[in-house]
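The lines below spell out each chain.
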Amino acid sequence: MTEVLLQLTARPAPYPKEVHDRLEVEAKQIIDCYPQPRSALLPLLHLVQSVEGYVSGTGIGFCAGQLGLTDAEVTAVATFYSMYRRTPTGNFHVGVCTNTLCAVMGGDEIFADLRAHLGIRHGETTADGAVTLEHIECNAACDYAPVVMVNWEFFDNQTPESARALVDALRSGEQVTAARSGAPLCTFRETARILAGFPDDRPGANDGAPGDATLAGLRAARGDTTPEQPEPGDSGGAR
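About the thresholds
- Residues numbered from 1 in each chain as written.
- Predicted model: local features only at pLDDT ≥ 70, side-chain atom pairs only at ≥ 80, totals over all residues.
- Heavy atoms only, no water.
- Helix = DSSP H or I, 4+ residues; strand = E, 2+ residues; numbered from the N terminus.
- Buried < 20%, exposed > 50% of the residue type's maximum accessible area, 1.4 Å probe, protein only.
- Pairing = 2+ DSSP bridges.
- Axes fitted to C-alpha atoms, helices over the stretch in contact; angles between N-to-C directions.
- Contact = heavy atoms within 4.5 Å.

> An account of unusual backbone geometry is requested, with residue identities and associated values reported.
Following A145, the chain continues to P146 via a peptide bond in cis, the omega torsion being 0°. Structurally, P146 can be placed in the loop between β2 (131-136) and β3 (148-150). A positive phi angle is found at W152, which is not glycine, with a value near 70°. Of note in this structure, N157 is not a glycine but carries a positive phi near 50°. In this structure, N157 sits in the loop between β4 (153-155) and α7 (160-172). Of the residues examined, N157 reaches a relative accessible area of 11% and is grouped as buried.

> Lay out the sheet that holds β3 with the relevant residues and their values.
Pairing is mixed in the open sheet, where four strands are placed in the order β2-β1-β3-β4. In this open sheet, the two strands that pair with only one neighbour each are β2 and β4. Going across the sheet, the axis of each strand differs from the next one's by a mean of 25°, ignoring polarity. One ladder, built from three bridges, connects β3 with β4; its direction is antiparallel. Looking across to β4, one finds that V150 is bridged to E153. Along the sheet, helix α6 (residues 100-118) makes contact with β1 (92-97), β2 and β3, crossing β1 at roughly 140°.

Listed below in structure tokens is the structure:
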């Protein structure tokens, strides 16, 4: 019993010195952007997630130390927001929206099909470490339902067939571009670093614009004719 209690209360080992020193410099850059240090917790969690591909106990301890918080305070935030992973994640986090509209439009079928195709369950990673599959809540993309997200990049108007082709392309190492910006996908860890606030230097990363479906209500209000919707799965994929 004593050994178990020690394991539960022991602080995780710190990062190796070279990793810790680099993160400390980068953490200061982030913290300096905020009037109150604790306001930097969300980007700091992304920063530590970029190191291991998830928010580990070591990452929680690092964030707590930088911000003068307790591990419990940091853990409460890390477990509240779904974009912070608490278990190791593959190079590509594939999230299938199964909230109401996407589910009705085929999201449930896509998720079930991908589970069978990849041979994994919700939250699991393929043996090659390439893809982690999850069903996710609404990502405010209902105008392009059903939607699949890869490392938080949109892939719109999906079908079971297009979603299978997408994950196959990811696993084979093909360059895959996001639907909204046309930027080539980066890894989950690289995405976490961008979300921490560091530059996104991918070509086309900042070239996105609202699509036809998003602007349909505005056009209708103006009396414009609504154009035809795109064919399923034609808004992003392997290039």
